[in-house]
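The chain contents come next:
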Amino acid sequence: MQSTLEASSRVVPGGPTDISHDEQLRRGLIKTDIERRTAWLLVTTFLLAITAVPLSQAYLEHREEEESPLVELFRKRPTAEHLRQVEKDVEQSSYAKLYVQPRLQLELTRRGGVGNKLAVIGRDGWLYYKPGVLHVGGPGVLDANVHASRRKDALDAGEEPLAADPRPAILGFHRALERRGARLVLVPVLDKVALAAQHLHGRTVRGWPQNADYDALLAELRQQGVAVFDMRQELGAPPSESLFLTQDTHWTPSFMRRQARALARYVQAVATLPPVPAPTLQVVPQPASRVGDLVDMLKLPDEQLLYRPQSVSVEQVQGEAGVPWEPDSQGDVLLLGDSFTNIFSLEGMGWGVAAGLGPHLALALGRPLDVIAQNDSGAFATRQALARELAAGEDRLAGKRVVIWEFASRELSVGDWKVLNYTVGNRAGSP
């Protein structure tokens, strides 16, 4: 059916249907009429807003007798790295941000279930670490295009060259230990979302979700002779109890102890360990309570009541006379670990002392255990610490028969997998 309306009746000159507007829009021009009074009000408000923040910052820094981070602009040559550091320092020292951000984040979290770049809000008070969620649900860890993209992102950010493929670093470490007569046992700790995904979305979970390339990676490493401890083989069907702390990135004390015993059995099956006098050890239950590290990452106000401390019972491993367990550098088993090793053992983490993976693994193995553990960067940090000791002439691998390398499985997606040198150098001052 054809319209009988005239074109002039459908197009209003100057109105929204005026075809002359099309040319202006193509040129990015939008004609807006604003009264002078309104324009002055907008300009004045804008100027007040952009000057109030730096002026208040300068006043507060003067009152607190603090030096402005902007001073650093005039102390060093303005390189890209220096400017990025100054920008970061300005952001971290901003009083406006320190006041507004926690309160805004609290309201966003309480009313909208909104997290931030590190924390994801789950159901019933559960929190998840975003890099872990992205690792499990994201692209495969063996994808060459992803490796190239990560390397490019690091270079574009002015950072050191990054090794994104985990295989060369793992296989290089494996072969270096073989030459020293030691067996590498790889222990990728599955992410929280892989073992407790039901609290993220509320749906029934069958099996243990994992990164698309995880099984292919484990199969390739085993084919090259690497012993890989797969936590899923010890889990069976999803248990009724929680495996991870509600507000934390880490496992529960009971789950950690189960994995320590299972790992000890695996180590004894894949490596030959001579009999040694078993150390006299005992476990003593102790209470521990705090909000999880994911609450810390949300950066909520200190007085927030949305997330209350979680209370657990840890089992401290003690030696003779009730002394908390300590690593033994003379032990023939070395544990390299990250925060999953330190949780319940490192006092600063707030979950107990001498109650973590190291002491419970020593208890399950019935032998002394050496430990190098550092929070974060499990793909690189502990290997680097070991390599530096060796290069300095401190042979930390002397007498070692097994090296257990524990790291969070998400490191396969986000870690720096540099290939390192494990050659023993000369001690300082030695010929």
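The structure we're discussing is the one just above.
Residues numbered from 1 in each chain as written. Predicted model: local features only at pLDDT ≥ 70, side-chain atom pairs only at ≥ 80, totals over all residues. Heavy atoms only, no water.

A.B. asks: Teacher, can you tell me more about the overall build of the protein chain here?
C.D. replies: Tallying secondary structure elements over the protein chain gives 18 helices and nine strands in all. For the protein chain, whose C-alpha radius of gyration is 29 Å, the value lies well above the compact-globule estimate of 22 Å for 431 residues. Along the longest, intermediate and shortest principal axes, the C-alpha atoms of the protein chain span 100 × 70 × 50 Å. In the protein chain, buried positions account for 41% of the 431 residues. Contacts in the protein chain between residues far apart in sequence, at least 24 positions, make up 75% of those at least 6 positions apart. (Helix = DSSP H or I, 4+ residues; strand = E, 2+ residues; numbered from the N terminus. Rg over C-alpha atoms; globule rule 2.2 N^0.38 Å. Buried < 20%, exposed > 50% of the residue type's maximum accessible area, 1.4 Å probe, protein only. Contact = heavy atoms within 4.5 Å.)

A.B. asks: Would you take a moment to explain the nonpolar core for this structure?
C.D. replies: The tendency in soluble globular proteins is for nonpolar side chains to be buried side by side. One finds Phe 173, Leu 195, Trp 251, Phe 344, Ile 404 and Trp 405 to be the most contacted residues of the largest nonpolar core, which totals 84 residues. Looking at this core element by element, the count peaks at seven residues for helix 13 (residues 253-270). Beyond its immediate sequence surroundings of up to four residues, Phe 344 is in contact with Leu 245, Trp 251, Thr 252, Pro 253, Met 256, Val 314, Trp 351, Gly 352, Val 353, Ala 354, Ala 355 and Gly 356. Counting residues in each nonpolar core, the second largest holds twelve residues, with Leu 106, Tyr 129, Val 291 and Leu 294 among its members. (Core = buried A, V, L, I, M, F, W, Y, C linked by side-chain atoms within 4.5 Å.)

A.B. asks: What is the right way to read the environment of Glu 394 from this model?
C.D. replies: Within the secondary structure layout, Glu 394 lies in the loop between helix 17 (381-391) and strand 9 (402-408). Taking the relative accessible area as the measure of exposure, Glu 394 reaches 37% and is therefore partly exposed. Taking the C-alpha atoms as reference points, Glu 394 and Gly 425, 31 residues apart in sequence, are found 7.9 Å from one another.

A.B. asks: What should I look at first to understand empty space enclosed by the protein in this one?
C.D. replies: One way to see where empty space is left: roll a probe the size of a water molecule over the atoms. Within the structure shown, the criterion is met by one cavity of 30 Å³ or more. Approximately 40 Å³ is the volume found for the largest cavity. Along the walls of the largest cavity sit Val 187, Val 189, Phe 229, Met 231, Trp 251, Gln 259, Leu 263 and Leu 357, which together make up its complete lining. Of all the elements in the fold, those that place two or more residues in the lining of the largest cavity are strand 3 (183-189) and helix 13. Split into classes, the residues belonging to the lining of the largest cavity amount to seven nonpolar, one polar and no charged. (1 Å grid on protein atoms, 1.4 Å probe; cavity = no way out; pocket = protein on both sides within 12 Å on 5 of 7 lines; lining within 4 Å. Points joined across faces, edges and corners; volume = space filled by probe spheres on them. Nonpolar A, V, L, I, M, F, W, Y, C, P; charged D, E, K, R; others polar.)

A.B. asks: How should I be thinking about helix 13 in this particular structure?
C.D. replies: The periodicity of an α-helix, 3.6 residues per turn, causes residues three or four positions apart to be oriented the same way. Taking 1.5 Å as the rise per residue, helix 13 with 18 residues should run 26 Å; its terminal C-alpha atoms sit 26 Å apart, in good agreement. What helix 13 keeps buried is the set Pro 253, Phe 255, Met 256, Arg 257, Gln 259, Ala 260, Ala 262, Leu 263, Ala 264 and Val 267. Those residues of helix 13 hidden inside the fold are in contact with strand 3, helix 9 (192-195), helix 12 (231-235), strand 6 (310-318), helix 16 (357-365) and strand 9. (Expected span 1.5 Å × (residues − 1).)

A.B. asks: Is there a simple way to think about a nonpolar patch on the surface in this case?
C.D. replies: On the surface, Leu 70, Leu 73, Phe 74, Leu 83 and Val 90 cluster together to form a nonpolar patch covering roughly 470 Å² of accessible area. Inspection of the secondary structure puts Leu 83 in helix 4 (residues 80-92). (Patch = residues over 30% accessible without salt bridge, like charges linked within 9 Å, V, L, I, M, F, W, Y side chains within 5 Å. Areas by Shrake-Rupley, 256 points an atom, 1.4 Å probe, with all protein chains shown as cover. Salt bridge = Lys/Arg side-chain N within 4 Å of Asp/Glu carboxyl O.)

A.B. asks: Explain the sheet that holds strand 8 (residues 370-373) to me, please; I cannot follow it from the model alone.
C.D. replies: Hydrogen bonding along the main chain pairs the strands of a sheet, whether they run parallel or antiparallel. A sheet is described by the order of its strands in space; here five strands give the open sequence 4-3-9-7-8, paired in parallel fashion. Both edges of this open sheet fall to strand 4 (227-228) and strand 8, since each of them pairs with a single strand only. Where strand 3 meets strand 9, seven bridges bridge the pair, whose relative direction is parallel. The partner of Val 185 across the bridge, within strand 9, is Ile 404. Along the sheet, helix 17 contacts strand 7 (333-337), strand 8 and strand 9; its crossing angle with strand 8, the most-contacted strand, is approximately 120°. (Pairing = 2+ DSSP bridges. Axes fitted to C-alpha atoms, helices over the stretch in contact; angles between N-to-C directions.)

A.B. asks: Explain the pattern of salt bridges to me, please; I cannot follow it from the model alone.
C.D. replies: Between side chains of opposite charge, a pair can form as their charged atoms come close. Applying the stated criterion across every chain yields a total of 20 salt bridges. Note that Lys 97 and Glu 91 form a salt bridge whose closest N and O atoms lie 2.8 Å from each other. For the salt bridge of Lys 418 with Asp 416, the shortest nitrogen-to-oxygen distance reads 2.2 Å. You can call Lys 418 partly exposed: its relative accessible area is 22%. With relative accessibility at 17%, the residue Asp 416 sits in the buried group. Where salt bridges share partners, they join Asp 370, Glu 389, Arg 396 and Lys 400 into one cluster.

A.B. asks: Honestly, the environment of Val 314 in this entry has me stumped. Any pointers?
C.D. replies: Within the secondary structure, Val 314 is located in strand 6. Val 314 gets classed as buried once you look at its relative accessible area, which sits at 1%. In the structure, Val 314 is positioned 26 residues away from Ala 288 in sequence and 6.7 Å away in space, judged by C-alpha atoms. Apart from residues no more than four positions distant in its own chain, Val 314 is found in contact with Pro 253, Arg 257, Val 284, Pro 285, Gln 286, Ala 288, Phe 344, Trp 351 and Ala 355.

A.B. asks: I tried to follow the packing of aromatic side chains on my own but got confused; where do I start?
C.D. replies: When we look at a pair of aromatic rings, we describe it by the centre distance and by the angle of the planes. Overall, the coordinates contain eleven aromatic pairs when judged by the stated rule. Ring centres 5.5 Å apart and planes at 85° place the aromatic pair Phe 173 and Trp 405 in the edge-to-face group. Placement of the pair is Phe 173 in helix 8 (residues 166-179) and Trp 405 in strand 9, with a sequence separation of 232 residues. For Phe 173, a relative accessible area of 0% puts it in the buried group. Taking relative accessible area as the criterion, Trp 405 reaches 0% and is therefore assigned buried. The rings of Phe 173, Trp 405, Phe 407, Trp 417 and Tyr 422 are connected pair by pair, giving a single aromatic cluster. The ring of Tyr 128 has Lys 192 lying over it, and the distance from NZ or CZ to the ring centre is 5.2 Å. Above the ring of Phe 380, the side-chain terminus of Lys 418 is found at 5.1 Å from the ring centroid. (Phe/Tyr/Trp six-rings, centres within 6.5 Å; stacked < 30°, edge-to-face > 60°. Lys NZ or Arg CZ within 6 Å of the ring centre and 35° of its normal.)

A.B. asks: What am I meant to see in helix 17 here?
C.D. replies: Residues Ala 381, Thr 382, Arg 383, Leu 386, Ala 387 and Leu 390 constitute the buried set of helix 17. Those residues of helix 17 hidden inside the fold are in contact with helix 8, strand 7, strand 8 and strand 9. A positive phi of about 95° marks Gly 393, the residue just after helix 17.

A.B. asks: What exactly am I supposed to notice about unusual backbone geometry here?
C.D. replies: Leaving glycine out, the prevailing phi sign among residues is negative, and the prevailing peptide bond configuration is trans. Here Phe 344, not a glycine, exhibits a phi torsion of approximately 75°, which is positive. As for its placement among the helices and strands, Phe 344 is situated in the loop between helix 15 (339-342) and helix 16. Positive phi values are uncommon outside glycine, yet Asp 376 reaches one of about 70°. Position of Asp 376 relative to the elements: it lies in the loop between strand 8 and helix 17.

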